Amino acid sequence: MRGLNKVMIIGQVGRDPEMRFTPNGRPVTTFPVATTRTWIASNGDRREETEWFNVVAWGGLAEVCKQRLRKGMYVYVEGRLQTRGWEDAEGRRHYRTELVANEMILLGEGRAAIPAFGEEEEAAEEEATEEFPF
């Protein structure tokens, strides 16, 4: 039986992407993406939790991410999880789990791109009452 390692996230870019090149000249771009979920707790309080993903894109996708993405933009990223390990100068072992991207779709800029909880209904009401220019 085969395994499956597939991740799909929609979130906000945490900082401008950084591009580097491998010794053989292959581009690699890294950037963090924050995904935030909200829910109402049993006591009625609204709760929010943010999870950060370290995204890595290679080759042509790395170049597109570097050119098009900026801090604060909303993005869809699809790929697989990969954990790298390394040893520092003091001999301590470190690990980092990354989302290795194979697809990226730019969704928009800032919070206006994805309405917060409850804003969809307000926007629909405003649209229904606007006069059309035609």
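Our structure's up above, just so we're on the same page.
First things first, this report covers the structure right here in the doc. (Residues numbered from 1 in each chain as written. Predicted model: local features only at pLDDT ≥ 70, side-chain atom pairs only at ≥ 80, totals over all residues. Heavy atoms only, no water.)

Brief notes about the environment of Val-7
For Val-7, the position within the fold is in strand S1 (residues 7–13). Overall, Val-7 belongs to the buried group, its relative accessible area being 12%. Spatially, the C-alpha atoms of Val-7 and Leu-99 are 7.5 Å apart, while their sequence positions differ by 92 residues. (Helix = DSSP H or I, 4+ residues; strand = E, 2+ residues; numbered from the N terminus. Buried < 20%, exposed > 50% of the residue type's maximum accessible area, 1.4 Å probe, protein only.)

Considering the pairing of strand S6 (residues 93–109)
Both strand S4 (residues 46–58) and S6 contribute to a ladder of 3 bridges, which runs parallel. Among the inter-strand pairings, Val-56 is bridged to a residue of S6, identified as Val-100. Where strand S5 (residues 73–87) and S6 come together, 15 bridges link them in antiparallel fashion. Within the sheet, the bridge partner assigned to Tyr-74 lies in S6 and is Gly-108. (Pairing = 2+ DSSP bridges.)

Regarding the pattern of salt bridges
If you walk through the whole model with that rule in mind, you get 8 salt bridges. Close ionic contact of Glu-18 with Arg-15 constitutes a salt bridge, the shortest N to O distance being 3.5 Å. Of the residues examined, Glu-18 reaches a relative accessible area of 38% and is grouped as partly exposed. Owing to a relative accessible area of 32%, Arg-15 belongs among the partly exposed residues under this scheme. Here the residues in one salt-bridge network are Arg-15, Glu-18 and Arg-20, joined through shared partners. (Salt bridge = Lys/Arg side-chain N within 4 Å of Asp/Glu carboxyl O.)

Describing the pairing of strand S3 (residues 27–40)
Examined bridge by bridge, S1 and S3 share 2 bridges and lie antiparallel to one another. Its bridge partner lying in S3, Gln-12 is registered against Ala-34. The pairing of strand S2 (residues 18–21) with S3 spans 4 bridges and is classified as antiparallel. Looking across to S3, one finds that Glu-18 is bridged to Thr-30.

Concerning the nonpolar core
A general feature of soluble globular proteins is that nonpolar side chains tend to end up buried together. In this structure, Phe-31, Val-55, Cys-65, Leu-69, Val-75 and Val-77 are the most contacted members of the largest nonpolar core, which totals 17 residues. Mapped by element, the contributors of at least two residues to this core are S1, S3, S4, helix H1 (59–68), S5 and S6. Each residue touching Val-75, except ones within four places of it in the same chain, is listed here: Ile-9, Ile-10, Gly-11, Val-13, Val-33, Leu-69, Met-104, Ile-105 and Leu-107. (Core = buried A, V, L, I, M, F, W, Y, C linked by side-chain atoms within 4.5 Å. Contact = heavy atoms within 4.5 Å.)

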